[in-house]
Amino acid sequence: MLSVRDLVVEVEGRRILQGISMDIGPGELHVIMGPNGAGKSTLLNTIAGLRHYKVVSGSIIFQGINIVNKPLYERARSGIVLAHQFPPALKGLTLRELVSAMERIYGSARDVEWAADILDVKKFMDRPLFVGMSGGERKRVELYLTILQRPRVALLDEPDSGVDIETLERIEEVLVELKKRGVLVLLVSHTMYLLERLAARNIIDNVHVIVAGRLAASGDPKKIFEMLKEAGFQGIAEGARVRGDD
Ligand SMILES: Nc1ncnc2c1ncn2[C@@H]1O[C@H](COP(=O)(O)OP(=O)(O)OP(=O)(O)O)[C@@H](O)[C@H]1O
């Protein structure tokens, strides 16, 4: 169980998140939506414990403990794993070398061969990591590396941006599999094609809409997608403000 309570976060002295709360139960998949610059990556980066993300107030409770003051490596060790929106190139290291180094920490890659197969990454094993890879290939490798770390909480920041339909469907299968295996997933996404397919399979437990650092709405995917089509992000935020004023 991951519980975010009244989280207020500053980056470089600027207040980005202004009181976010959400509860994600074991084996649940929650989606974070919102316009560019709303604070979605900031929320994931703060949960992961990245530097520069200063929690001004509020708490992040994981397995009954407030982890706000715990360093990144301790959170990672407890199973909180972040897949970056823009994975860096690691010159001189092949995927095979990285996987074998990670095996010493996390255990045999055979246990997660299902992910290598779905994401079709074995053909990249002898290539230098991320160098010259297309956007979609990088996304697949990054998601595989996330799964190699055996996440209990997978923080997935737009694993689907800029990828083709076939890759989207591979990512969909991975998400279904993660949920089946009891991994708690927080997915930031703008890709309605993927989100509607996941909703149709009842894979999404909750959708949260963040606008300008505030939670404008939370609810089941069908309801939120309907609201989005009718009112857009801004309309939802204004509705939330009116309701909040009542
Ligand atoms: N290191 C930083 N320094 C200054 N401002 C930052 C930093 N990181 C984030 N911000 C600002 O915080 C705001 C929220 O950024 P964030 O990346 O969380 O948005 P997002 O909702 O993930 O957007 P997108 O959909 O475009 O990825 C933006 O205005 C961004 O410029």
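The chain appears in an unreviewed UniProt entry as Putative ABC transporter related protein from Pyrodictium delaneyi. Listed in UniProt under the heading Sequence similarities (unreviewed entry), the comment for the chain reads: "Belongs to the ABC transporter superfamily."

**Student:** What is the right way to look at the pattern of salt bridges in this model?
**Tutor:** Side-chain pairs of opposite charge can arise where the charged atoms are in close proximity. Per the counting criterion, the structure on display carries 18 salt bridges. Linking R15 and E10 is a salt bridge whose minimum nitrogen-to-oxygen distance equals 3.2 Å. With a shortest N-O distance of 2.7 Å, E172 and R201 are connected by a salt bridge. With E172 in helix α6 (residues 165-180) and R201 in the loop between α7 (192-200) and β9 (206-211), the pair connects residues that are 29 residues apart, well separated along the chain. The network of salt bridges with common partners includes E169, E172, E173, R197 and R201.

**Student:** Which parts of the structure should I look at to understand the site of the ligand?
**Tutor:** The ligand sits among 15 residues. The nearest are G37, G39, K40, S41 and T42. Between T42 and the ligand, the recorded distance is 2.6 Å, taken from a side-chain N or O atom to an oxygen atom. Note that an oxygen atom of the ligand is positioned 3.1 Å from one of the side-chain N or O atoms of H190. For the ligand, the accessible surface in isolation is 640 Å², of which the surrounding protein chains cover 69%. Contributing elements (two or more residues each) for the shell around the ligand: β2 (14-24) and α1 (40-48). Considering every element that reaches the shell around the ligand, the biggest residue donor is α1, with three residues. Across the shell around the ligand, the residue classes tally to four nonpolar, seven polar and four charged.

**Student:** I tried to follow the sheet that holds β2 on my own but got confused; where do I start?
**Tutor:** Strand pairs in the sheet, formed through backbone hydrogen bonds, run parallel or antiparallel to each other. As summarised here, the arrangement of the four strands in space is β2-β1-β4-β5, forming an open sheet in which the pairing is antiparallel. Whereas interior strands pair on both sides, the edge strands pair on one side only; in this sheet they are β2 and β5 (65-66). Judged from the eight bridges that link them, strand β1 (residues 2-11) and strand β4 (residues 53-62) form a sheet pairing that is antiparallel. Counterpart to S3 in the pairing with β4 is I61. Most of the contacts of α1 go to β1, to which it runs at about 110 degrees, and overall it touches β1, β2 and β4.

**Student:** What is the right way to look at the packing of helix α5 (residues 135-148) against α6 in this model?
**Tutor:** Closest axis-to-axis distance for the α5/α6 pair is 11 Å, and the angle between their directions is 10 degrees. Between α5 and α6, the interaxial angle falls into the category roughly parallel. Across the interface between the two elements, G136, R140, L143 and I147 of α5 pack against T167, I171, V174 and L178 of α6. Across the contact of α5 with α6, the residue classes break down as five nonpolar, two polar and one charged.

**Student:** Explain the nonpolar core to me, please; I cannot follow it from the model alone.
**Tutor:** In this structure, V141, Y144, L145, L175, V185 and I204 are the most contacted members of the largest nonpolar core, which totals 54 residues. Ignoring any residue separated from it by four or fewer positions in sequence, one finds L145 in contact with L95, L98, M102, L129 and F130. By size, the runner-up hydrophobic cluster in this structure holds 26 residues, among which are L7, L17, I24 and I67.

Scoring rules and cut-offs
Residues numbered from 1 in each chain as written. Predicted model: local features only at pLDDT ≥ 70, side-chain atom pairs only at ≥ 80, totals over all residues. Heavy atoms only, no water. UniProt positions renumbered as here; feature names shortened; annotations may be inferred. Salt bridge = Lys/Arg side-chain N within 4 Å of Asp/Glu carboxyl O. Helix = DSSP H or I, 4+ residues; strand = E, 2+ residues; numbered from the N terminus. Near = heavy atom within 4 Å. Polar contact = N/O pair within 3.5 Å; in protein donor to acceptor, adjacent residues only side chain to side chain. Areas by Shrake-Rupley, 256 points an atom, 1.4 Å probe, with all protein chains shown as cover. Nonpolar A, V, L, I, M, F, W, Y, C, P; charged D, E, K, R; others polar. Pairing = 2+ DSSP bridges. Contact = heavy atoms within 4.5 Å. Axes fitted to C-alpha atoms, helices over the stretch in contact; angles between N-to-C directions. Parallel < 35°, antiparallel > 145°, perpendicular 65-115°, else oblique. Core = buried A, V, L, I, M, F, W, Y, C linked by side-chain atoms within 4.5 Å. Buried < 20%, exposed > 50% of the residue type's maximum accessible area, 1.4 Å probe, protein only.

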